[in-house]
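Letter by letter, the chains look like this.
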Amino acid sequence: MTVAARISENTYVDSMSLMALSTRANDVDGVNQAMVGMGTDMNKQVIESVGLMTPEVQGAGRSDLITVVDLADGQDADEVFAAIDALRATGPGAGTGANASFRSLSQALREDEDSTLVVISVPGEHAAREAKSALQRDKHVMIFSDNVSLEDEIELKKTAHDKGLLVMGPDCGTAIINGKGLCFANAVRRGRIGVVAASGTGAQEVSVQIDALGGGISQLIGVGGRDLSADVGGIMMLDGLDVLAADEGTDVIVVLSKPPARSVKDAILERAARAGKPVVACFIGPSGSTGPLEQDGVTVVSTSRDAARTAVALDGTTLDGGSEVDLTGHDVASVRESFTSGQRYVRGLFCGGTVNDEVFYQLVAELDDVHSNVAGDPSTRLEPNGKSRAHSVVDFGSDEYTQGRPHPMIDPTVRAARLVEEAADPEVAVILLDFELGFGSNPDPVGAMLDAIEKAKATADEAQRPLEIIGYVLGTDGDSQNKARQTEQLHQAGVRTVSDVIELGALGAAYVREGRN
């Protein structure tokens, strides 16, 4: 191993740009592995954990940009660094006009005083300061950054509420404002269904399912995963509800989150009942099989599938068929019978947190001994970066997998390695995968996983074991990656596909359910 490092002093690059740059740097000729990041303690720990630590990296300051590479034999370090510099110069944020790059928020706002929304993607310890600055200038704020303190979040949201502004986030991954997708968002048709969501991938899933059913999105407001906690009190969820209730372009409202604090849930349902418009409240959780319930004039559901179908129906579209998942086209009985006597488990390897959660709840409802790294019960929670046990689903977008690394929607390296590892387990029968399309995601998410899929299948074939890999492509044909093209790549690789998250979990459970012949 030949490790070379370069430290660019006092050179700040935002986290979204760094994630994209790190992914592209790993594709540079002559690079075995590359990491690009700011000189934070967390990033240094990650660099050390993968064996790329050098004295230069150790001495870097928090405001310094680190580029460290493991070079192929005989490769010239200067040539590699020059190639990475070229990627940075042509990457997101480079250029002029609409793509101009600024070194401060003040500079950017001087250039465009009429802007109304500021997207913040800086290290978490700096995000609150930038958000406060934007709010002082009467700008709405979307905070993509995570690792913002709870105290700062509460203060920011109270300030925004008092000023009649929105703070979307922290850790807000998805929004669609006036037809413009922000961060991880999909190309969906415009329509008259508004969404306010405390879940990024959940918001994506609902929006693409609404699109697939013939509906459209008026506005999609993200609020961040902690907004519905008892501490924050759903400040932005309630304000987002009010915004959509007053929006002339919105006829139906969808509220989406994981199960909130009871007091917050009651406040949301009470506010929803006064919205003056049909509201679908989706609290994703273990009661997913109960179906829609009417509560004080609000339709309450617990899956993204029911949320999308109910909203589109309320918007006036007649839907074919019922809401139950139809597995008749997946040869469940014959697939079950093909497994060896030792193959009994399903493993889910996911980029999307809400995809992970919804599949987890599906499996828990139908199988015993189901585990996840984000399970609430300690007895079923996988250790950080730990091995799978029995039936397991892993959210590779959770903090332990993304500290100092690009999100798996951008760089699938960690998940790809785990796929090959799971395929070598003789007790594994089914592996579930998701592929998120849209703005900010990998330009070819399926293509980036094909080598790992081929290796996984080859590993099972060599052991004379069948292996069923099921994939779900979350996106639309309007996304730059194109859903149809991504799905066809999976079919050519021998991967079975499904149409939504709930079908993914239901099919995985059906293939390994106890009592098969």
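Everything below is about the structure printed above this text.
Calculation rules
- Residues numbered from 1 in each chain as written.
- Predicted model: local features only at pLDDT ≥ 70, side-chain atom pairs only at ≥ 80, totals over all residues.
- Heavy atoms only, no water.
- Pairing = 2+ DSSP bridges.
- Helix = DSSP H or I, 4+ residues; strand = E, 2+ residues; numbered from the N terminus.
- Contact = heavy atoms within 4.5 Å.
- Axes fitted to C-alpha atoms, helices over the stretch in contact; angles between N-to-C directions.
- Salt bridge = Lys/Arg side-chain N within 4 Å of Asp/Glu carboxyl O.
- Buried < 20%, exposed > 50% of the residue type's maximum accessible area, 1.4 Å probe, protein only.
- 1 Å grid on protein atoms, 1.4 Å probe; cavity = no way out; pocket = protein on both sides within 12 Å on 5 of 7 lines; lining within 4 Å.
- Points joined across faces, edges and corners; volume = space filled by probe spheres on them.
- Nonpolar A, V, L, I, M, F, W, Y, C, P; charged D, E, K, R; others polar.
- Right-handed = clockwise from strand over helix to strand, strands pointing away.

Peer 1: Give me the lowdown on the sheet that holds strand β5 (residues 140–143), citing residues and values where you can.
Peer 2: If you walk across this open sheet you meet the three strands as β4-β5-β6, and the pairing is parallel. Two strands close off the open sheet at either side, each with one partner strand: β4 (117–120) and β6 (167–168). Here helix α6 (residues 124–136) sits on the sheet in contact with β4, β5 and β6, set at roughly 165° to β5.

Peer 1: Outline the pattern of salt bridges, listing residues and values.
Peer 2: Inspection of every chain in the model, using the stated rule, returns 22 salt bridges. Taking the shortest distance from any N to any O, the salt bridge between D85 and R6 comes out at 2.6 Å. Placement of the pair is D85 in helix α4 (residues 77–90) and R6 in strand β1 (residues 2–8), with a sequence separation of 79 residues. R6 sits in the partly exposed class, given a relative accessible area of 23%. Close ionic contact of D138 with K163 constitutes a salt bridge, the shortest N to O distance being 2.8 Å. Here D138 is found in the loop between α6 and β5, whereas its partner K163 is found in helix α7 (residues 150–163), with 25 residues between them in sequence. A residue is classified by how much of its surface remains accessible, and K163, at 39% relative accessible area, is partly exposed. When salt bridges with common partners are traced through the structure, they connect E153, K157, R226 and D227 into a single cluster.

Peer 1: Describe empty space enclosed by the protein, naming the residues involved and giving the relevant values.
Peer 2: Inspection of the entire model under this criterion finds two cavities of 30 Å³ or more. The calculated volume of the largest cavity comes to roughly 60 Å³. In this structure, the largest cavity is lined by 13 residues; those nearest its centre are C351, P408, M409, R415 and P445. A per-element tally of the lining of the largest cavity places strand β18 (residues 428–436) first, with three residues. Considered as a void within the structure, the second largest cavity measures approximately 30 Å³ in volume. Lining the second largest cavity, in full, are R6, L21, V36, L65, T67, I84, D85 and R88. Of all the secondary-structure elements, those providing two or more residues to the lining of the second largest cavity are β3 (65–71) and α4. Here the lining of the second largest cavity takes three residues from α4, the largest share from any one element. Tallied by class, residues from the lining of the second largest cavity come to four nonpolar, one polar and three charged.

Peer 1: Can you lay out the pairing of β18 for me, pointing to particular residues and giving the numbers?
Peer 2: Burial analysis of β18 places nine of its nine residues in the buried class, the great majority of the element. Note that strand β15 (residues 345–350) and β18 share five bridges and pair parallel. Across the sheet, residue G348 finds its bridge partner in β18, namely L432. Where β18 meets strand β19 (residues 468–474), seven bridges bridge the pair, whose relative direction is parallel. Counted as the bridge partner of L433 is G471 from β19. This β-α-β element, β18 to helix α16 (residues 450–462) to β19, shows right-handed connectivity.

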